[in-house]
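Each chain, written out:
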Amino acid sequence: MSTPSAAAGNVVENLENAGRLVDQHIKADQSFWELSGQLTITTHQTSNASGNTDRDYPAVQSYWPALESMPFLGEVNCTPLPPELVQAFENMQCNCAVGLMPLIARAWLTIDSTIYIWSYEDGKDLAYFDGLNEVILTAGLLKPKEGVFQEHIEYLLCLTTPVEIVVLGVSFTGSPSDPYSEMHLQPEPLFNLPSDNVNMLSVVGSPEGRIFLAGKDGCLYEVVYQAEEGWFSSKCRKVNHSVSRLSFLVPSFLTFSEDPLLQIVIDGSRHILYTRSQSGTIQVYDLGLDGHSLSRVDSMQQGSMVQRACYAARSMDQSLFKPIIHMAIIPMSDSSTLHLMAVTQAGVRFYFTTTPNGIPGRPSLLAMVHVRLPPGHSPSSTIPKLGSTVHQSFYRRGTLLLSSSMMEDRDQLWIMDPDMFPFQPTVIESVISRPLEGHTWAIAEAIQPGDLEAVASLTPLPPLVVTQHVRPPRRFILLTTQGCYVITRLRPVDQLQSLFETSKGAAGDAVQSFFALHKEVQACAMALILATSPNQQLAFWATEAFFKYGGEPHIVFPGSGGMYPLGGGGGIVTSTPMTPLAQQQYSTPVHGQTPSSLPYPYNSSVVMNTPGSYGNLQGTAGSAGALGRAVVGPEVVLSGKHDGLCRYLARLLRPLWNEQVAVFYKPPGDMQAEQVVSAYTSEELSAFMEQMYSLKCFIDSNSRLLSALSSRPGSSASPANIHQRVLSYMRPEGMVTTSPNQVQTTLLEKYKADAQVYEQNSLHNICSLVTQCCESLSLWKLVCEHELHVVAEGLSQQERQQLVATTFRALIVSSRPLISSVISALLNRYAGDVNMTESLSSRLLEVAPSLYSQDDAIASKARELVTVARTIQNREEQLQRLKESVMYYSKVISRINLPSVCELCRDLKFYSGIVELALCAAGVKDRKNLAIHFYKSGQPQQDVNGQAAYIERQRCYSIVTSTLQQLLVQEQPAKRPSSVPAQPGPPSPMVERQQPSDPHEEFDELLTMCLRSDDELFHVTLYSWMITAPVNLTDRLVQIRTPYIEPFLKHMVASQQQDILMFLNLLWRYYEKNKNYSAAAKILDQLANIQSPNLTLDQRVEYISRAVMCAKSCNLATSGSSIGEFLHELEDKMEVARIQLNIVEAVKSLQPQTSNTRAAVEMLTRELMDISKLYGDFADPFQLSECKLSIIHCAGHYDSILVESLWTEIIDKEVALAKKQSVENQMQGVYTKLIQLGQVYIHSERFFPLEHIISVLEKYSCQQHWRVDFVYSTLHKVGVSLQTLFDIYNRLFKSKLPFWQFIHQPLSIIYSLHCFYRDNPSLIPAYERSAFKAMVLDAISVYLVELHTATPSAAGDLQLKFRQLQTHIQGLYMDRDR
């Protein structure tokens, strides 16, 4: 659904700021003092005392006289005893007992053997049981064990008589609002056990369903029962836990004296059982971690308690400390370190712990650690003392009720609780007393919804002010001789309501005093409870008080007060609740100091400043002030209205704020399946929504809360900007600083508006959060109504895991993508049902317009079209629906999940839709075309906006390229099914067969669509992908005809360093394909000369060769004369490059290979070199004669001496290489070299000195005994004519070189000529034969003369041969001449 944009990012940031305020205020409500810390308990080994000062029981009217008429109790209702009971009393013979059953809102009374049970609310629904023959001693309503009885038995009623113990089943019929409206007692007992003549005085059940009884013999008994009888155990039996299994061995006169047990209490949160005996002894039993075992731990006698109490309260009479009339558990919901409280007949309270120093663990001792005196024992107390006539007591959740006897038929009720003074470092209690008609028999508290869960809490619960908006007033039941009293203890918010009704509005001292008592923050939070109530008149009064007494934001200067509390008793403390007994941390924190200028009981809040309450103008908000640190600059203190609103919102959200929205659930019978279900039911969500919508209505109807106050331009709510403004105010021009006070007043006037703007912006964030809460809860409830476990199946596994891990805080503040996925899954559940989808879409628009906007509805419509298209067989109709969906998607392109939408198009092979959506999304994300500028500018890092736009566009383009790649790598379509029928018989009806699609055709189609785009950056991305595709697409790339391909390749060449060779290769290929040969030749020339270790010399030569070919392909008429010059330059480079190749091969052939040769080869193959460098650095130092010859030949540098010397070196080297080989091998080596070089230089006479070459070769021929015809025959094959050879040989004979004499073969060359003339006369062309014949005969004549003068031994044989040759030549050509 929605995709976060820049604006959405600001919304999330504002919500996050408001969410942090909620976090802080939730922490503030959770940061209350632990009971042991309030009582300043130091160790379990000693006891201390409280209640002996006026501060412990303050009189509110002493500080605020206007609150003297403020009520503490609501209406007191007294329901008389049913007439049937009064009449039954007249027939009583033996005994009666009474009690209360608050779990089912019943009272009970036994008269002899009959028990009566009735509703204490109205005295109706009287039920009785008279099936026993003995007097009933006591009764108890118990919770049964699970799985033992049938489901309709909700409770057990245990009755004890002197001879038996009877257990009855109790069931109810009623409505969801009143499930216990009608009670039914089972006529037949479930169990019946003998009591063994032990009177049971009390019956108590544990949360696990165990039944304990207090015996008059001082023993603790248990009724153990189970569903079926076992091999060694009966279905029901009685167990005595106070005697051991070997007690029968001890004589009866040695057993302890009887001390009846009067009371049993069970701490279900810790699984501890306590008993109180008639003598005041308290015993502790450990029920085990699971509550299913039992072992005695410790006990304390009343004398020990009195002794420790006297030591703790030394000025008090010890008669106050006995006897003990009642004990009550202190569950973990009240204290984590104190476990038990006992009350004496004088109203003194003893506090006990069962672990050393209160460290969490199983009970190991019983220690009295604190004594709290009742009211009236301070020296200046105005409250009368209770006296020692307390006979009934009740304690629960911090509230103590005592009933003392004023006279025989009248009692006095005392109520003490700390609800008026929350968050205090010491226990401060209000005291309420009122007379009661009749003698009190029993006291209990009416069970409200959620009370049992609260008591079962394993952590201390916050004060009443935190939960009073969802908790009804507490109601206490007192059963007296006159009937049942139902007394309502008013909450602070009820007291405020009473003051409004008494004052007829918000004006008046009483309401103002109430705000002063509770401080602005707490009082404003309470006022909001009433302001959001359905009572319009009351809401109006509360709203007026909220704005009238809520204060304004202001400035606190250093030294003008130091600490400014966030609000009376509700401030944000520095840490979690302290546990003074644990880890010996028992002292009062320093941040609990009380300003001396204010009365102690009402201004000792443990608070600290927070960003929500004030901002330190010298730094970040809330960095100093309230903690007593040095304040560097002024501080902005936010108003009580602001913090009261935050506090109330935090309290509304507290139950679910940090809780998971969903959990995994495994349905019974299918443990493998795991469903996602909501952590809250629709009913619970409706309750939260009702409160949140009431608060939203209050905000919407009170525009003055968010009124934009006038401020100077540039005002800002950020602490940093405020700090800058304040610094600018510190020395304003023209300020007359006559006194410090005047300076402070002037400064206050100057930046008061800034403080107001600061608060206004924060309030705007809070109100946005309220709206978001309403929408998120409404959306979640809607999802739950449509079966969350089914909707969650449409999420991915990762999204389901994320959903279960998401808290409501994250869902409301920062989980927009997850919410979008959930909404998509919800709509997808009804995919294909157009009516249901449209109805659901309308509902989403109604309940969550910011989470599901009109754009989301359009996207939903588009998605529905895609869903419908899936079901259509006709391709044309299907494409039409898909085009419509793309049209809708394009309208809301910024709010859709583009990858998933394109995936749908991909599944339906609607590739044009993918291209259209991706390019549309790219354009929307980069409306200013910052990305293309970023690309063309070389992608500078400092261009943050351009880089972000570039990344966004690439994400969109990647969807198209991934589709192209998917098509590219797909295999060929499957083989078509055979047309041969599977079975004999007539052909089957003609069925239209869909031809399998060819992925290559689809790829070509999609690529063609892409190339039609006018998005230049998309073309860049497309071309880049084609280069890196898993299948080589470079041939396709260079054939592309778009205006973007050439700029792309040029840009890549200019910007790339590593891959420049690849892009240069692509560029020249592109030019060549487009017949731009001149450009291709230039790129090829650039490639040949580029500095790169990745290019070999052969590749460079190939580039030059291709460049020459491209240059030759140019149209000279259109290219101009410059291309001709360039071609000539390329041909020269080509010739030099070939020489360089030859030098490389020559250096490689040198033996042995040294570091110099290897270095030379590396240098030569690295780059192309000029001809001078090749000669001077390589050919000459390494004596590469052939290479030097080719270099001077290429350069046109002629030096006859150098040329002849090079040829000599070449021949010498070749002869030397084959010196040790046979003559034939020697001749073959020389022959090969002459053929190779002769073909190169035959037409360059200056660089092919024949006379010198023949001279050198003939010398070697004589020395090495080569064949006589070897030299001239080889040269003739090179291409030298016979006439030329004859002339050269003739000159050599005439030259009389000393070499021939030196080797003693002066006539060897004549012998060679003899052979030449003998073997080759027929090779002379016909038109030259006559002249050649005459020349040869003349030469022979000269040779014969020379031979005639020679010594006979040297010339005799040759002379004969020449004469024969002369005769032979004279006869040549005779036939042809005739």
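Numbering of residues starts from 1 in every chain and runs along the sequence as written. Predicted model: local features are reported for residues with pLDDT of at least 70 only, side-chain atom pairs are reported and counted for 80 or more only, and whole-chain, interface and lining totals are derived from all residues. Neither water nor hydrogens contribute to the side-chain values; these are computed over all heavy atoms in the structure.

### Some words on the overall build of the protein chain
At step 1: Along the protein chain, the regular secondary structure elements total 47 helices and 35 strands.
At step 2: Only heavy atoms enter the contact rule, under which two residues are in contact if any of them lie within 4.5 Å. The contacts of the protein chain with a sequence gap of at least 6 include a subset with a gap of at least 24, amounting to 64%.
At step 3: Here the accessible surface of atoms and residues is derived via Shrake-Rupley with a 1.4 Å probe, and residues count as covered only by protein chains that are part of the display. Taken as a whole, the protein chain presents about 63,600 Å² of accessible surface, with 51% of it coming from carbon and sulfur. Under the scheme used here, helices are H or I runs from DSSP no shorter than 4 residues and strands are E runs no shorter than 2 residues, and both carry numbers assigned from the N terminus.

### Observations regarding the sheet that holds strand β23 (residues 367-372)
Paired through their backbone hydrogen bonds, the strands of a sheet run either parallel or antiparallel.
At step 1: Two strands form a pair only when DSSP identifies at least two bridges running between them. Reading across the sheet, the 5 strands line up as β1-β23-β22-β21-β20 and stay open at both edges, with mixed pairing between neighbours. Because the sheet does not close on itself, it has two edges, and the strands there are β1 (48-50) and β20 (324-329). In this sheet, adjacent strand axes meet at a mean angle of 25 degrees when their direction is disregarded.
At step 2: Of the strand pairs in this sheet, strand β22 (residues 349-353) and β23 are connected by 5 bridges, and their pairing is antiparallel. To get an axis, a line is fitted to the C-alpha atoms, and for a helix only the part in contact is used. The angle between two axes follows their N-to-C directions and goes from 0 to 180 degrees.

### Notes on helix α27 (residues 1016-1028)
At step 1: The end-to-end C-alpha distance of α27, which contains 13 residues, comes to 19 Å, matching closely the 18 Å that a straight helix rising 1.5 Å per residue would cover.
At step 2: Three exposure classes are used, based on accessible area relative to the maximum for each residue type with a 1.4 Å probe and protein chains only: buried under 20%, partly exposed in between, and exposed over 50%. Counting buried residues along α27, 10 of its 13 residues qualify, which places the element largely inside the surrounding structure.
At step 3: Those residues of α27 not exposed but buried are L1017, F1018, H1019, V1020, T1021, L1022, Y1023, W1025, M1026 and I1027.
At step 4: The N-capping residue of α27, defined by a side-chain oxygen 3.1 Å from the backbone nitrogen of L1017, is D1015. Expected span of a helix, by definition, is 1.5 Å for each gap between consecutive residues, and there is one gap fewer than residues. N or O atoms within 3.5 Å of each other form a polar contact, as long as, within protein, one can give a hydrogen and the other can take it, and as long as residues adjacent in sequence are counted only when both atoms are side-chain atoms.

### Thoughts on the packing of helix α39 (residues 1223-1241) against helix α40 (residues 1250-1264)
At step 1: Axis separation between α39 and α40 bottoms out at 11 Å; the angle between their running directions is 170 degrees. What the angle tells us is that α39 and α40 run roughly antiparallel. Here α39 contributes V1223, Q1226, V1230 and L1234 to the contact with α40, which in turn contributes I1253, L1257 and Q1264. For this classification, under 35 degrees means roughly parallel, over 145 means roughly antiparallel, 65 to 115 means roughly perpendicular, and everything else is oblique.

### Some thoughts on the sheet that holds strand β19 (residues 295-300)
At step 1: Within the open sheet, the 4 strands sit side by side as β16-β17-β18-β19. Their pairing is antiparallel. Edge strands, defined here as strands with exactly one partner in the open sheet, are β16 (261-267) and β19. Direction aside, neighbouring strands of the sheet carry axes that sit 20 degrees apart on average.
At step 2: Direction of pairing for strand β17 (residues 272-277) relative to strand β18 (residues 282-286): antiparallel, over a ladder of 5 bridges.

### Examining helix α30 (residues 1060-1073)
At step 1: Taking 1.5 Å per residue as the helical rise, α30 with its 14 residues ought to reach 20 Å, and the 20 Å between its terminal C-alpha atoms agrees with that figure.
At step 2: Within the span of α30, buried status applies to I1060, L1061, F1063, L1064, L1066, L1067, W1068, Y1070 and Y1071.
At step 3: Check the buried side of α30 and you find it contacts α27, α28 (1034-1038), α29 (1045-1055), α31 (1077-1089) and α32 (1097-1113).
At step 4: Downstream of α30 by a residue or two, K1075 has a phi angle that is positive, lying close to 60 degrees.

### Side note on the side chain of D217
At step 1: Note that D217 resides in the loop between β13 (211-215) and β14 (220-225).
At step 2: For the charge count, each Lys or Arg is scored as positive and each Asp or Glu as negative, with His and the chain ends excluded. What counts as a salt bridge is simple: a side-chain nitrogen of Lys or Arg found within 4 Å of a carboxyl oxygen of Asp or Glu. Notably, D217 is buried but unbridged: the nearest opposite-charge side chain belongs to K238, and the N-O separation is 7.5 Å.
At step 3: Looking at D217, its side chain comes within polar contact range of the main-chain nitrogen of C219, at 3.1 Å.
At step 4: Separated by 2.4 Å, the side chains of D217 and Y221 make a polar contact.

### Some remarks on the confidence of the model for the protein chain
At step 1: What pLDDT expresses is the predictor's confidence in each residue, scored from 0 to 100. Averaged over all residues, the pLDDT of the protein chain is 81; the fraction at 70 or higher stands at 83%.
At step 2: In the model, residues 252-256 has pLDDT below 50 throughout and makes 1 contact with residues more than four positions away in sequence or in other chains.
At step 3: Contacts for the low-pLDDT stretch residues 560-631, under 50 throughout, to residues beyond four places or in other chains number 205 contacts.

### Let's talk about empty space enclosed by the protein
At step 1: The distinction between a cavity and a pocket rests on a 1 Å grid over the protein atoms alone: a 1.4 Å probe fits inside a cavity but cannot get out, while a pocket stays open yet meets protein on both sides within 12 Å along at least five of seven lines, and a residue with an atom within 4 Å of a point counts as lining. Grid points are joined across faces, edges and corners, and a volume is the space filled by probe spheres set on the points. Counting across every chain of the model gives 7 cavities of 30 Å³ or more.
At step 2: The calculated volume of the largest cavity comes to roughly 520 Å³.
At step 3: Along its surface, the largest cavity is lined by 26 residues, and R397, G398, P418, L461 and P463 are the ones closest to its centre.
At step 4: Breaking the lining of the largest cavity down by element, the ones donating at least two residues are α2 (35-38) and β22.
At step 5: For the lining of the largest cavity, the residue count by class is 15 nonpolar, 4 polar and 7 charged. For this scheme, ten residues count as nonpolar: Ala, Val, Leu, Ile, Met, Phe, Trp, Tyr, Cys and Pro. Four count as charged, namely Asp, Glu, Lys and Arg, and the remainder, Gly too, count as polar.

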